[in-house]
Amino acid sequence: MKALFTRASLIVLSAAALAACADVKPEYPASTATPQAAPPPPAQTAPTPETPVGEEPPPRAAPTTPLTSEALPPVNRRPGAANDSDDIEAAPPPSQTNMPPREAPQPYSSSAYAPPPAESRPPPVVRGSRRPPPPVPTYILSVKGPVRADRERVHTIKVDQGDTVNNLSERFHTPKADLIKLNKLKKPFELEVGRSLKIPTPKAYVVESGDTLFGISKRFNLSTDLITELNDFGPDEHLRAGQEVALPIDVKDSGPLKRPGPPAARRPAEEEPAPVEQPTYRPPEQTYRPSQPTYRPQPPVRPTPPSRYEPPPVQPAPLVESSVAPSDAQVTAAGRGRFVWPVTGETLSGFGAKPGGQRNDGVDIGAPSGTVVKAAAAGDVVYAGNQVPGFGNLVLIKHPGGWVTAYAHLSVTTVKIKDHVEQGDEVGAVGQTGGAEVPELHFEIRYAPTSRDKAKPIDPTLVLPTGQ
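About the criteria used
Residues numbered from 1 in each chain as written. Predicted model: local features only at pLDDT ≥ 70, side-chain atom pairs only at ≥ 80, totals over all residues. Heavy atoms only, no water. Helix = DSSP H or I, 4+ residues; strand = E, 2+ residues; numbered from the N terminus. Buried < 20%, exposed > 50% of the residue type's maximum accessible area, 1.4 Å probe, protein only. Contact = heavy atoms within 4.5 Å. Areas by Shrake-Rupley, 256 points an atom, 1.4 Å probe, with all protein chains shown as cover. Arc of directions from axis to C-beta. Core = buried A, V, L, I, M, F, W, Y, C linked by side-chain atoms within 4.5 Å. Pairing = 2+ DSSP bridges. Axes fitted to C-alpha atoms, helices over the stretch in contact; angles between N-to-C directions. Polar contact = N/O pair within 3.5 Å; in protein donor to acceptor, adjacent residues only side chain to side chain. pLDDT = per-residue confidence, 0-100. Salt bridge = Lys/Arg side-chain N within 4 Å of Asp/Glu carboxyl O. Phe/Tyr/Trp six-rings, centres within 6.5 Å; stacked < 30°, edge-to-face > 60°.

(A) The arrangement of the overall build of the chain in detail. Counting its secondary structure elements, the chain contains six helices and 24 strands. Taking all 468 residues of the chain together, 25% fall into the buried category. Here the contacts in the chain between residues at least 6 apart in sequence split such that 67% fall between residues at least 24 apart. Accessible surface, the chain: about 35,100 Å² in total, of which carbon and sulfur atoms supply 57%.

(B) Broad picture of helix α6 (residues 328–335). Considered for burial, the residues of α6 that qualify are Val-331, Thr-332 and Gly-335. Buried residues of α6, seen end-on, are gathered within an arc of 100 degrees and therefore sit on one face of the element. Exposed and oriented more than 90 degrees from the buried face of α6 are Ala-329 and Ala-333. Looking at the packing, one finds that the buried side of α6 touches β20 (403–413), β23 (440–447) and β24 (456–458). Phi turns positive, to about 85 degrees, at Gly-337, one or two residues after α6.

(C) Focus on the nonpolar core. By size, the foremost hydrophobic cluster in this structure holds 28 residues, and its most contacted members are Phe-339, Ile-397, Trp-403, Tyr-407, Phe-443 and Ile-445. Of all the elements in the fold, those that place two or more residues in this core are β16 (363–366), β19 (393–399), β20, β22 (426–430) and β23. Per-element accounting of this core gives the leading share, four residues, to β23. Here Ile-397 is in contact with Ala-375, Gly-379, Asp-380, Val-381, Val-382, Trp-403, Val-404, Thr-405, Tyr-407, Val-421 and Val-427, once residues within four sequence places are set aside. Counting residues in hydrophobic clusters, the runner-up holds 25 residues, among them Ile-199, Tyr-205, Phe-220 and Leu-222.

(D) The arrangement of the sheet that holds strand β9 (residues 203–206) in detail. Reading across from one edge, β6-β9-β10 is the order of the three strands in this open sheet, with antiparallel pairing throughout. Both outer strands of the open sheet, β6 (147–149) and β10 (244–247), are each paired with one neighbouring strand and no more. Pairs of neighbouring strands in the sheet enclose a mean axial angle of 35 degrees, with direction left out of account. Across four bridges, the pairing between β9 and β10 is antiparallel. If you follow Lys-203 over to β10, its bridge partner there is Leu-247.

(E) The arrangement of the pairing of β20 in detail. Most of β20 sits out of view: eight of its eleven residues are buried. Sheet analysis places β19 next to β20, joined by six bridges and oriented antiparallel. From the neighbouring strand, Leu-396 faces β20, where its bridge partner is Ala-406. Linking β19 to β20, which pair antiparallel, is a turn of three residues; within it Gly-401 sits at a positive phi near 90 degrees. Bridging between β20 and β23 involves six bridges; their strand directions are antiparallel. If you follow Thr-405 over to β23, its bridge partner there is Ile-445. The sheet contact formed by β20 and β22 spans three bridges and is antiparallel.

(F) Quick peek at the side chain of Asn-360. Locating Asn-360 in the fold gives a position in strand β15 (residues 358–360). Look at Asn-360 and you get buried, because its relative accessible area is 7%. Here Ser-349 takes part through its side chain, which lies 3.1 Å from a polar atom of the side chain of Asn-360. Here the side chain of Asn-360 touches Gly-350 through a polar contact of 3.1 Å, landing on its backbone oxygen. Ignoring any residue separated from it by four or fewer positions in sequence, one finds Asn-360 in contact with Ser-349, Gly-350, Phe-351, Gly-352, Lys-354 and His-442.

(G) Summary view of the confidence of the model for the chain. Mean pLDDT over the chain works out to 75, with 57% of the residues at or above the 70 mark. Low pLDDT, under 50, characterises residues 28–35; the stretch is placed with one contact to residues that sit more than four places away or in other chains. Ignoring residues within four places in sequence, the model shows residues 67–71, a span with pLDDT below 50, making zero contacts including any to other chains.

(H) Representation of unusual backbone geometry in the model. Cis geometry marks the peptide bond from Lys-187 to Pro-188; its omega dihedral reads 5 degrees. As for its placement among the helices and strands, Pro-188 is situated in the loop between α3 (176–183) and β8 (196–200). Look at Val-143: it is not a glycine, yet its phi comes out positive at around 50 degrees. Within the secondary structure, Val-143 sits in the loop between β5 (139–142) and β6. Non-glycine residue His-173 carries a positive phi angle of around 50 degrees.

(I) Expanded view of the pattern of salt bridges. Inspection of the entire model under this criterion finds eight salt bridges. Arg-148 serves as the salt-bridge partner of Glu-244, at 3.1 Å between the closest nitrogen and oxygen. Taken together, the positions of Glu-244 in strand β10 and Arg-148 in strand β6 put the pair 96 residues apart, joining distant regions of the chain. Arg-148 gets classed as partly exposed once you look at its relative accessible area, which sits at 47%. Residues Arg-153 and Asp-150 are paired through a salt bridge, measuring 3.9 Å at the closest nitrogen-oxygen approach.

(J) Expanded view of the environment of Ser-209. With respect to the helices, strands and loops of the structure, Ser-209 is situated in the loop between β9 and α4 (213–219). For Ser-209 and Arg-240, which are 31 residues apart along the polypeptide, the C-alpha to C-alpha distance reads 7.1 Å.

(K) Local environment of the packing of aromatic side chains. Evaluated as defined, the whole model comprises four aromatic pairs. With a centroid separation of 5.4 Å and 65 degrees between ring planes, the pair formed by Phe-339 and Trp-403 is classed as edge-to-face. Taken together, the positions of Phe-339 in the loop between α6 and β13 (346–349) and Trp-403 in strand β20 put the pair 64 residues apart, joining distant regions of the chain. Both residues of the pair, Phe-339 and Trp-403, belong to the buried class. The rings of Phe-339, Trp-403 and Tyr-447 are connected pair by pair, giving a single aromatic cluster.

Below, the structure is given as structure tokens:
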């Protein structure tokens with residue numbers, strides 16, 4: 001019993017001591033440190049009474065304090081506080097702190113804006129106007145002359161070493177069947193060197209003003225060399241309006257040539273809608289002072305003394321022949337057997353230089369007036385008239401291989417331009433025109449080794465048979 005009493009007494013004393021400790025508040029020395037802000041206490045909620053099973057909970061009462069979006073001021077808790085119910089001091093409002101005041105935004109000042117000068121600003125936009133239509137491209141036509149057909153037109157050549165029907169057909173754009181039929185060739189169609197062979201040229205282009213040999217070759221897809229050979233053109237040939245240029249059978253006409261011309265005129269201004277101008281932007285008036293450019297004085301320019309050097313005068317380039325002039329032996333070898341005497345008579349003046357600084361580029365043959373003058377070789381007539389001073393009635397015949405013969409002082413001509421003559425055909429009659437003192441025939445032979453050379457006079461006796 002005594003032990004039980006003792007234990008109960010100890011329990012009562014302990015409870016009384018604990019109650020006395022709870023009522024005593026400990027004292028702490030004042031702290032010099034700045035109190036730290038403590039987090040806000042958790043929200044206190046009223047205890048919810050238990051709801052019996054099967055019953056609905058009662059509705060919650062509306063809060064007496066109105067809700068606000070403003071943040072609550074932080075609180076300062078003294079060090080050593082046991083809980084939120086201990087001595088809690090509210091933090092001072094933000095207006096009482098030492099924070100510097102926030103600067104107010106500065107108003108916009110237009111004096112800080114300096115617009116670019118009016119010259120550099122883009123022009124005002126003009127709306128409601130249409131873009132002018134693009135110019136219509138135009139073309140200028142050239143080489144637009146007609147093409148005429150003439151089935152009887154032919155061109156005669158001399159067969160050279162190595163010529164065959166096949167390569168001549170490709171060279172002159174002519175079918176082999178037409179060459180064989182026109183020249184009456186027989187199998188095996190072998191060609192003899194020096195034989196005259198006819199090339200059909202049934203088409204001809206009529207030259208118009210401004211046409212050139214290059215333009216004609218481009219329209220018909222032919223080489224200029226082929227056109228020159230088919231028409232026996234010289235190196236200095238000039239096309240005339242109305243002249244006919246012979247063309248081969250297999251020729252492709254691509255039509256007149258086109259080259260760009262000036263653009264066509266646009267629509268008149270009165271038909272275009274009037275543009276609508278928008279108001280022009282004007283910046284606010286302000287004082288704008290552009291920066292002044294800095295100018296640096298330039299050193300004086302001293303005049304350059306005249307140079308004592310004088311360049312030598314430019315000498316004109318000498319005329320260079322396209323090939324070396326052939327010797328007499330070469331001329332004789334090239335023309336042997338090609339020509340015959342055009343007329344029989346006495347030689348009045350031979351080839352070469354004469355007294356008094358004169359020169360004869362051919363031979364003068366005396367014969368009775370009216371004597372028939374014959375073609376020295378087969379070829380095409382390139383001139384027949386009396387427009388060359390000092391020669392009277394004159395006939396020029398172009399032969400294959402770069403040869404040309406001239407017949408002057410004729411009393412009459414019996415051929416015309418573009419006529420084809422065979423060796424021995426009549427071309428005129430002996431006369432006394434062009435200042436001749438007696439009836440005579442002035443006869444010349446000219447030779448050009450290549451198509452790039454100009455035909456020059458040679459001594460006719462080098463290629464004519466000995467004796468008349």
